[in-house]
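For reference, the chains in residue letters:
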Amino acid sequence: MRHNLKVETIPLELEPNAPSIVESYRNFAPPSNFRHDVETLLRFVPQKYLVGLKTIVLTNRAGLTGNKRKQKVWSRNRKVRLADSLGSYSRAAKNSPGTVWLYVDNIVKAESSWWRWAPLLRYMMPAEVLYHEIGHHIHAVHRPIHQGRENVAQDWGRKLWRGFLREHYWYLSPFLYVAARVASPIVKRLKRNERSA
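This paragraph deals with the pairing of strand S3 (residues 53-59). In terms of burial, S3 is largely enclosed, as 6 of its 7 residues are buried. Bridge count between strand S2 (residues 20-26) and S3: 5 bridges; the pairing is parallel. In the sheet register, serine 24 faces S3, and the bridge partner there is threonine 59. Since S2 and S3 lie parallel, the crossover through helix H1 (residues 34-43) that links them has a hand, and here it is left-handed. Note that S3 and strand S7 (residues 98-103) share 6 bridges and pair parallel. Residue pairing for S7: leucine 58 is matched across the bridge by leucine 102.

Attention now goes to the pattern of salt bridges. Counted according to the given criterion, the structure contains 8 salt bridges. Of the charged contacts in the structure, one is a salt bridge between arginine 35 and glutamate 39, with a shortest N-O distance of 3.0 Å. In this pair, arginine 35 and glutamate 39 are both assigned in helix H1, 4 residues apart and thus about one turn of the helix distant. Overall, arginine 35 belongs to the buried group, its relative accessible area being 17%. When its relative accessible area of 2% is taken as the criterion, glutamate 39 is described as buried. Here aspartate 155 and arginine 158 are joined by a salt bridge, their closest N and O atoms 3.6 Å apart.

Attention now moves to the nonpolar core. The biggest cluster of nonpolar side chains holds 37 residues, and the ones touching the most others in it are Ile56, Leu58, Leu102, Leu130, Tyr131, Ile134 and Phe164. Counting residues per element, the ones that place at least two in this core are S2, H1, S3, S7, helix H3 (104-110), helix H4 (124-142) and helix H5 (149-168). Counting residues per element, this core draws most heavily on H4, at 8 residues. Listed in part, the 6 residues of the second largest apolar core include Val57, Leu82, Trp101 and Tyr103.

What follows concerns the packing of aromatic side chains. Counted under the stated rule, the structure contains 6 aromatic pairs. Between tyrosine 49 and tryptophan 156, the aromatic rings sit 5.0 Å apart at their centres with planes inclined by 65°, giving edge-to-face as the arrangement. Of this pair, tyrosine 49 sits in the loop between H1 and S3 while tryptophan 156 sits in helix H5, and the two are 107 residues apart along the sequence. Take tryptophan 156: its relative accessible area is 10%, and that puts it in the buried class. A centroid spacing of 5.6 Å and a plane angle of 25° characterise the contact between tryptophan 161 and phenylalanine 164, whose relative ring orientation is stacked.

Our next topic: a nonpolar patch on the surface. On the surface, a nonpolar cluster with roughly 400 Å² of combined accessible area is contributed by Tyr177, Val178, Val182 and Ile186. For valine 178, the position within the fold is in helix H6 (residues 173-196).

Another aspect to go through is the packing of H4 against H5. H5 packs onto H4 with a crossing angle of 125° between their chain directions and a minimal axis gap of 7 Å. It follows from the interaxial angle that H4 and H5 lie oblique. With respect to the hand of their crossing, H4 and H5 are arranged in right-handed fashion. Here Met124, Ala127, Tyr131, His132, Ile134, Gly135, His136, Ile138 and His139 of H4 lie close against H5, whose contacting residues are Arg149, Glu150, Val152, Ala153, Gln154, Trp156, Gly157, Leu160, Trp161 and Phe164.

Turning our attention to a positive patch on the surface. Among the surface-exposed residues, Lys48, Arg143, Lys159, Arg162 and Arg166 lie close enough to one another that they form a single positively charged patch. By secondary structure assignment, the location of arginine 143 is in the loop between H4 and H5.

Even without being glycine, asparagine 27 reaches a positive phi, approximately 50°. Residue position: asparagine 27 is located in the loop between S2 and H1. Relative accessible area serves as the criterion here: at 60%, asparagine 27 is assigned to the exposed category.

The rules behind the values
- Throughout this document, residue positions are counted from 1 along each chain, in the order its sequence is written.
- Residues qualify for local features only when their pLDDT is at least 70, as the model is predicted, and side-chain atom pairs are given and counted only at 80 or more; totals for whole chains, interfaces and linings, by contrast, use all residues.
- Side-chain metrics in this entry use all non-hydrogen atoms of the structure; hydrogen atoms and water are not considered.
- Between buried and exposed lies partly exposed: a residue is buried under 20% and exposed over 50% of the maximum accessible area for its type, with that area taken using a 1.4 Å probe on protein chains only.
- In DSSP terms, a helix is any run of H or I states spanning at least four residues, a strand is any run of E spanning at least two, and both are numbered starting from the N terminus.
- We call two strands paired when DSSP finds no fewer than two bridges between them.
- Assignment of crossover handedness uses the view with strands pointing away from the viewer, where a clockwise path from the first strand over the helix to the second indicates a right-handed crossover.
- Within this document, salt bridges are pairs made up of a side-chain nitrogen of Lys or Arg and a carboxyl oxygen of Asp or Glu, the two lying within 4 Å of each other.
- Here, the term nonpolar core denotes a set of buried Ala, Val, Leu, Ile, Met, Phe, Trp, Tyr and Cys residues that are joined through side-chain atoms within 4.5 Å.
- Put simply, two rings from Phe, Tyr or Trp (the six-membered ring, in Trp's case) pair if the centres are within 6.5 Å, and we call them stacked under 30 degrees between planes, edge-to-face over 60, tilted for the rest.
- Surface patches are defined over residues having more than 30% relative accessible area and no salt bridge, joining like charges when they lie within 9 Å and nonpolar side chains (Val, Leu, Ile, Met, Phe, Trp, Tyr) when within 5 Å.
- Here the Shrake-Rupley method, with its probe set to 1.4 Å, supplies the accessible areas, and only the displayed protein chains count as covering residues.
- Between the N-to-C directions of two axes lies an angle of 0 to 180 degrees, each axis being a line fitted to C-alpha atoms and, for a helix, fitted only over the stretch in contact.
- Every angle not falling under 35 degrees, over 145, or within 65 to 115 is termed oblique; those three ranges are roughly parallel, roughly antiparallel and roughly perpendicular.
- Rotating anticlockwise by less than a right angle from the far helix to the near helix defines a left-handed crossing, while the corresponding clockwise rotation defines a right-handed one.
- It only takes one pair of heavy atoms within 4.5 Å for two residues to be counted as in contact.
- Lys and Arg are tallied as positive, Asp and Glu as negative. Neither His nor the chain termini are counted.
- Charged groups are reduced to one reference atom each: NZ for lysine, CZ for arginine, CG for aspartic acid, CD for glutamic acid.

Keep in mind these numbers describe shape, not what the thing actually does.
Structural data, given as structure tokens:
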């Protein structure tokens, strides 16, 4: 027996051509502000990049059909089960529109529980997943280039995140600039150590 949970939220005013957000959960209650956060993140994506993307589905593992739960997708030269991923993108086909799927239970598990209470941090994981999947859409529909799909989606995800920070948290720009300058050498050192290990 399927139990879908409807979450009543007041939707933000999105652009008329923005993708619709559909919630389809089974035996799962998402964080109370998750949909609102996704709507906020969407408002800062340039509209030209959302053309052809019709739906953002917020769901959980149990909300997937049996076939979807078993389905495997390629991610960085290896196959992973769709049910274990944080999100996915389905390119538009003859009988289905372009869709981004966010697996909210997996996203919530991947973030620290206290992040939901911090104004900037609560956007980090949803933004990373949403913007990465929108990056796949941009690569497939608007800016096809011949590089690794995951790398291109990751680059677009970073660009969209920087745009969100610049516009939504404009007053934090000086602090974020200094933090990025301090963190950059540390991140580079960690990546070098990973490669040499």
